Amino acid sequence: MKIKTRINLVLSGAALVAMAAIGGVSYLSLKTEALATARREAELHLQAVDATRAYAVEMLVPGAWDPGSPSDARLLAQVNRHYAGHDYTEVRLSGDLQPDPALQPVIERLRIHPEETVLQMGDPTSSARLTFVRSLHEAAPGAAGTPTLTGLQLVSMPTELPMHRALEAFWRQLAGMAALVVVLFLALNLMLRRLVVNPVDVHQRALRRLATQDSLTGATNRRGFMDRLLRAQSEAEAQAEPLSLVMVDLDHFKRINDEHGHGVGDAVLREVAHRMRRQIRRADLLGRLGGEEFAILLPDTDLAGARTQAEHLLTALRNQPFPTAGQVTASLGVAQWNGREAASSWLHRADLALYEAKHLGRDRLVVAEDLDTDLLSTRPGRLD
């Protein structure tokens, strides 16, 4: 896995974990705030009912207040219509009326904290509704100075009412947070790419180049050439395409080194590689197998095409003299892969053709398919 991919995965994972953690905290905070808002709305509703009761008792029918009566019910309806989704009810407590058992813990708490508004779930088995409860007292306090609990005021609302607002706020915050995380992710990615990934990529490319490229001529070295040749065989077999090879060996190269020195010999090798690169296609591969021996891999090229390419290479070498060294020629062996043979066998056939070109007088090419291999086995050793 590439380092860029690993860094992106780490940054993405960290961003997701951060969003999940912040989102969870944010949701809990918004849920708590939504419940607090619902409590405030319930208390405002209760205050509005208290103000209506006070108005009815003092201004309309002094001393009387009955939410069950038509007139007082109309007053409550006017109050309730300003609180959509809320239901207001009153429960009277007396000796002969037993309240709902679910309200008993609320009643006990309100006896201790009469000024508190208590949150009570509407149904102990369900959280579908929220119910806020406040106590009703007699106008005059009891003998001990503590108001006497005479009833309960209840404001009930669906749980989804405050939760919907919390969720809307949560999604807005999450969208903003996601945008911020994306911006930070891109900024970190860019910074890490410039500070870490790009230098590492450059270093890795340099190492790959050192491992597969000949430092003198810039051609692919023997190891890189053989790796590419094996891949080319697989591709040619899969696509049913021809594949050819040209072996190149400079003539009398030892004489150049002996007469002009190794510096001139190195310059000749560089110029030979340069001229051959100018003659081949971008899809072709030039390799230096060692010393003055080169090879050219020709994908999607049959024997006739390989022969033509080899003739161009011979012309490019012989027609223009080399600085100091003068005219430099080469012997070439050409072979087309038969689609079945191993790479070593194919290379051996091309090498035998090169071997024959040397014996025939150099500065020429020989096609492996034209050779009598039995005759070649009787020839003396390979010439320079």
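Here the residue numbering is sequential within each chain, running from 1 through the sequence in written order. Selection of residues for local features in this predicted model requires a pLDDT of at least 70, selection of side-chain atom pairs for listing and counting requires 80 or more, and totals for whole chains, interfaces and linings are taken over all residues. Only heavy atoms go into the side-chain values, all of them from the structure, while hydrogens and water stay out.

Thoughts on the overall build of the chain
Applicable threshold: Strands here are runs of E lasting at least two residues and helices are runs of H or I lasting at least four, both read from the DSSP assignment and numbered beginning at the N terminus. Partly exposed residues are those whose accessible area sits between 20% and 50% of the maximum for their type, while under 20% is buried and over 50% is exposed, using a 1.4 Å probe and protein chains only. Note on areas: these come from Shrake-Rupley sampling with a 1.4 Å probe, and a residue is covered only by the protein chains present in the view.
Helix and strand content of the chain: 10 helices and 9 strands. Here the chain, with 384 residues, has 39% of them falling under the buried criterion. Total accessible area on the chain is roughly 21600 Å²; 57% of this is exposed by carbon and sulfur atoms.

Some points on helix H3 (residues 104-112)
Owing to its 3.6 residues per turn, the α-helix aligns residues three or four sequence positions apart on the same side. Let me state the cut-off plainly: Note that the arc is computed from the directions linking the helix axis to the C-beta atoms.
Listing the buried residues of H3 in full gives Val106, Ile107 and Leu110. Projected down its long axis, H3 carries its buried residues within an arc of 100°, all on one side. For H3, the exposed residues lying more than 90 degrees away from the buried face are Pro105 and Ile112.

Looking at the pairing of strand S6 (residues 285-290)
Spelled out, the test is: Being paired, for any two strands, means DSSP has found at least two bridges between them.
Most of S6 is tucked away: 5 of the 6 residues are buried. Direction of pairing for S6 relative to strand S7 (residues 293-299): antiparallel, over a ladder of 5 bridges. Within S7, the residue paired with leucine 285 across the bridge is leucine 297. Counted between consecutive antiparallel strands, the loop separating S6 from S7 contains 2 residues, among which glycine 291 sits at a positive phi close to 55°.

Digging into the pattern of salt bridges
So the rule is basically this: The salt bridge criterion pairs a side-chain nitrogen of Lys or Arg with a carboxyl oxygen of Asp or Glu, the two atoms within 4 Å.
According to the stated counting rule, one finds 14 salt bridges in the structure shown. The residue aspartate 258 makes a salt bridge to lysine 254 at a minimum N-O spacing of 3.0 Å. With a gap of 4 residues between them, aspartate 258 and lysine 254 both fall in helix H6 (residues 253-260), about one helical turn apart. Both residues of the pair, aspartate 258 and lysine 254, count as exposed. Put simply, arginine 318 and aspartate 363 hold a salt bridge, and the shortest N to O gap is 3.2 Å. Within this pair, whereas arginine 318 is found in helix H8 (residues 303-318), its partner aspartate 363 is found in the loop between helix H9 (343-359) and strand S9 (365-367), the two being separated by 45 residues in sequence.

Some words on the nonpolar core
Within soluble globular proteins, side chains that are nonpolar generally end up buried alongside one another. Where we set the bar: Grouping buried Ala, Val, Leu, Ile, Met, Phe, Trp, Tyr and Cys residues that are joined through side-chain atoms within 4.5 Å yields what is termed a nonpolar core. Between two residues, a contact is recorded if the distance between any of their heavy atoms is within 4.5 Å.
If you look at the biggest cluster of nonpolar residues, it comprises 31 residues, and the most contacted ones within it are Val246, Val268 and Leu332. Going through the elements one at a time, strand S5 (243-250), H6, helix H7 (262-279), S7, H8, strand S8 (330-336) and S9 are the ones with two or more residues in this core. The residues contacting valine 268, other than those within four sequence positions of it, are Leu250, Phe253, Ile256, Phe322, Ala325 and Val328. Within the second largest apolar cluster, 22 residues are counted, among which are Leu243, Leu245, Leu347 and Val366.

Some details on the packing of helix H5 (residues 222-239) against H9
Heads up, the rule is: Between the N-to-C directions of two axes lies an angle of 0 to 180 degrees, each axis being a line fitted to C-alpha atoms and, for a helix, fitted only over the stretch in contact. Oblique is the label for every angle not falling under 35 degrees (roughly parallel), over 145 degrees (roughly antiparallel), or within 65 to 115 degrees (roughly perpendicular). Under the scheme applied, nonpolar residues are Ala, Val, Leu, Ile, Met, Phe, Trp, Tyr, Cys and Pro; charged residues are Asp, Glu, Lys and Arg; polar residues are all the others, including Gly.
Where H5 contacts H9, the two axes come as close as 11 Å, and the packing angle between them is 110°. Relative to H9, the element H5 lies roughly perpendicular. The residues of H9 that touch H5, namely those facing Met226, Leu229, Leu230 and Gln233, are Ala343, Trp346 and Leu347. Here the residues of the contact of H5 with H9 are counted per class, giving 6 nonpolar, 1 polar and no charged.

Details of H8
Here is the rule we go by: Expected span, for any helix, means 1.5 Å times one less than how many residues it has. Any pair of N or O atoms that falls within 3.5 Å is considered a polar contact. Within protein, one atom must be able to donate a hydrogen and the other to accept it, and sequence-neighbouring residues count only if both atoms are side-chain atoms.
If you check H8, its first and last C-alpha atoms are 23 Å apart, about what 16 residues at 1.5 Å a residue would give, namely 22 Å. Among the residues of H8, Leu303, Ala306, Gln309, Ala310, Leu313, Leu314, Ala316 and Leu317 are the ones counted as buried. An end-on view of H8 places all buried positions within 165° of arc, on one side of the element. Where the residues of H8 are buried, they touch S5, H7, S7, S8 and S9. The N-cap residue of H8 is aspartate 302: its side-chain oxygen and the backbone nitrogen of alanine 304 are 3.4 Å apart.

A short note on a nonpolar patch on the surface
Our working definition: Every patch collects residues that have over 30% relative accessible area and no salt bridge, joining them within 9 Å if they carry like charges and within 5 Å if they are nonpolar side chains (Val, Leu, Ile, Met, Phe, Trp, Tyr).
A contiguous nonpolar patch, built from Leu188, Met191 and Leu195 and spanning about 290 Å² of accessible area, is present on the exposed surface. Topologically, methionine 191 is positioned in helix H4 (residues 160-212).

Comments concerning the sheet that holds S8
Spatially, S6-S7-S5-S8-S9 is the arrangement adopted by the 5 strands of the open sheet, whose pairing is mixed. Sheet topology places S6 and S9 at the edges, where each strand pairs with a single neighbour. Across this sheet, the average inter-strand angle for adjacent strands is 20°, counted without regard to direction. Here H7 sits on the sheet and contacts S5, S6 and S7; the angle it forms with S7, its principal contact strand, is near 15°.

A short note on the pairing of strand S4 (residues 149-158)
Counting buried positions along S4 gives 9 out of 10 residues, so the element sits mostly inside the fold. Inspection of the sheet shows strand S1 (residues 87-92) paired to S4 by 6 bridges, in the antiparallel sense. Along S4, the bridge assignment pairs tyrosine 88 with valine 155.

Topic: the side chain of threonine 220
Position of threonine 220 among the secondary structure elements: in the loop between H4 and H5. Ignoring sequence-local partners within four residues, the contact set of threonine 220 consists of Thr212, Gln213, Asp214, Phe225, Leu285, Leu286, Gly287 and Arg288.

Points about the side chain of glutamine 153
Within the secondary structure, glutamine 153 sits in strand S4. For glutamine 153, a relative accessible area of 1% corresponds to the buried category. Separated by 2.9 Å, the side chains of glutamine 153 and aspartate 50 make a polar contact. Discounting chain neighbours no more than four positions away, the residues touching glutamine 153 are Leu46, Val49, Asp50, Arg53, Tyr88, Thr89, Glu90, Phe132, Val133, Arg134, Ser135 and Leu136.

Comments concerning the environment of histidine 260
Checked against the element boundaries, histidine 260 lands in helix H6. Separated by 65 residues in sequence, histidine 260 and alanine 325 place their C-alpha atoms 7.2 Å apart. Contacts of histidine 260, omitting those with residues within four sequence positions, involve Thr324 and Ala325.

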